[in-house]
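Listed below are the residues making up each chain.
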Amino acid sequence: MPADELAKEIADGVVFWLAEENGRMAGVMGIQDKGEVALIRHAYVATAMQRKGVGSRLLRHVQALADKPVLLGTWADASWAIEFYLRNGFTVVSQRCKEMLLREYWSIPERQIETSVVLADARWMQTFERTPGDR
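Reading guide: rules and limits
Residues numbered from 1 in each chain as written. Predicted model: local features only at pLDDT ≥ 70, side-chain atom pairs only at ≥ 80, totals over all residues. Heavy atoms only, no water. 1 Å grid on protein atoms, 1.4 Å probe; cavity = no way out; pocket = protein on both sides within 12 Å on 5 of 7 lines; lining within 4 Å. Points joined across faces, edges and corners; volume = space filled by probe spheres on them. Helix = DSSP H or I, 4+ residues; strand = E, 2+ residues; numbered from the N terminus. Nonpolar A, V, L, I, M, F, W, Y, C, P; charged D, E, K, R; others polar. Pairing = 2+ DSSP bridges. Contact = heavy atoms within 4.5 Å. Axes fitted to C-alpha atoms, helices over the stretch in contact; angles between N-to-C directions. Phe/Tyr/Trp six-rings, centres within 6.5 Å; stacked < 30°, edge-to-face > 60°. Buried < 20%, exposed > 50% of the residue type's maximum accessible area, 1.4 Å probe, protein only.

Draft legend 1. Quick look at the layout of surface pockets. Each pocket or cavity is described by its volume, and for the largest pocket that value is around 1,100 Å³. Around the largest pocket, the lining comprises 33 residues; the ones closest to its centre are Ala43, Thr74, Trp80, Ala81 and Tyr85. When contributions to the lining of the largest pocket are tallied by element, the ones reaching two or more residues are β3 (38-45), α2 (54-65), β4 (70-75) and α3 (79-87). Its residues placed into classes, the lining of the largest pocket shows 18 nonpolar, nine polar and six charged. Considering the residues around the second largest pocket, the lining is formed by Lys8, Glu9, Asp12, Val14, Gln32, Lys34, Arg41, Tyr105, Trp106, Ser107 and Ile108.

Draft legend 2. Region of the structure containing the sheet that holds strand β6 (residues 116-120). Strand order in the open sheet made by the six strands is β1-β2-β3-β4-β6-β5, with mixed pairing throughout. Each edge of the open sheet is held by one strand with a lone partner, namely β1 (14-21) and β5 (91-92). Pairing of β1 with strand β2 (residues 24-33), which is carried by eight bridges, proceeds in the antiparallel orientation. Counted as the bridge partner of Ala19 is Gly27 from β2. Helix α4 (residues 95-105) contacts β3, β4 and β6 of the sheet and is inclined by roughly 90° relative to β6.

Draft legend 3. Structural view of the packing of aromatic side chains. Summed over the entire model, instances satisfying the criterion amount to two aromatic pairs. Ring centres 4.9 Å apart and planes at 75° place the aromatic pair Phe84 and Tyr85 in the edge-to-face group. Given the relative accessible area of 15%, Phe84 is considered buried. Residue Tyr85 is classed as buried on the basis of its relative accessible area, which comes to 7%. Pairing Tyr85 with Phe90 gives two aromatic rings, centres 5.8 Å apart and planes at 70°, and the pair type is edge-to-face. A network of ring pairs unites the aromatic residues Phe84, Tyr85 and Phe90 as a single cluster.

Structure follows, in structure tokens:
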């Protein structure tokens, strides 16, 4: 991510956490407080460190920081990312819910809304997603 984009994300309230392994960056993940929810933002794990638990440790860390439900958005065709979050207890929300959430909490173009999914943690599912299509 270019430095100016990173500065903008930080100015917008994204707090980044870094995982290190032997003094080298292994991964990074951001979290952004959006009022009633927190968003996972910019999750990356170095290729050599993938499938070694770095992403899961970062995810658990940022989730523990949030005293509220956690959401994240990703590309619908990013099956590896979706599978990772599903393995870590997240659930894909309904299409209707996805569109509402992306419009409410993210600033992205319509085309990106069409090609994205939103995943929610158990706290969000228990609080908001009472029945399929609700909210």
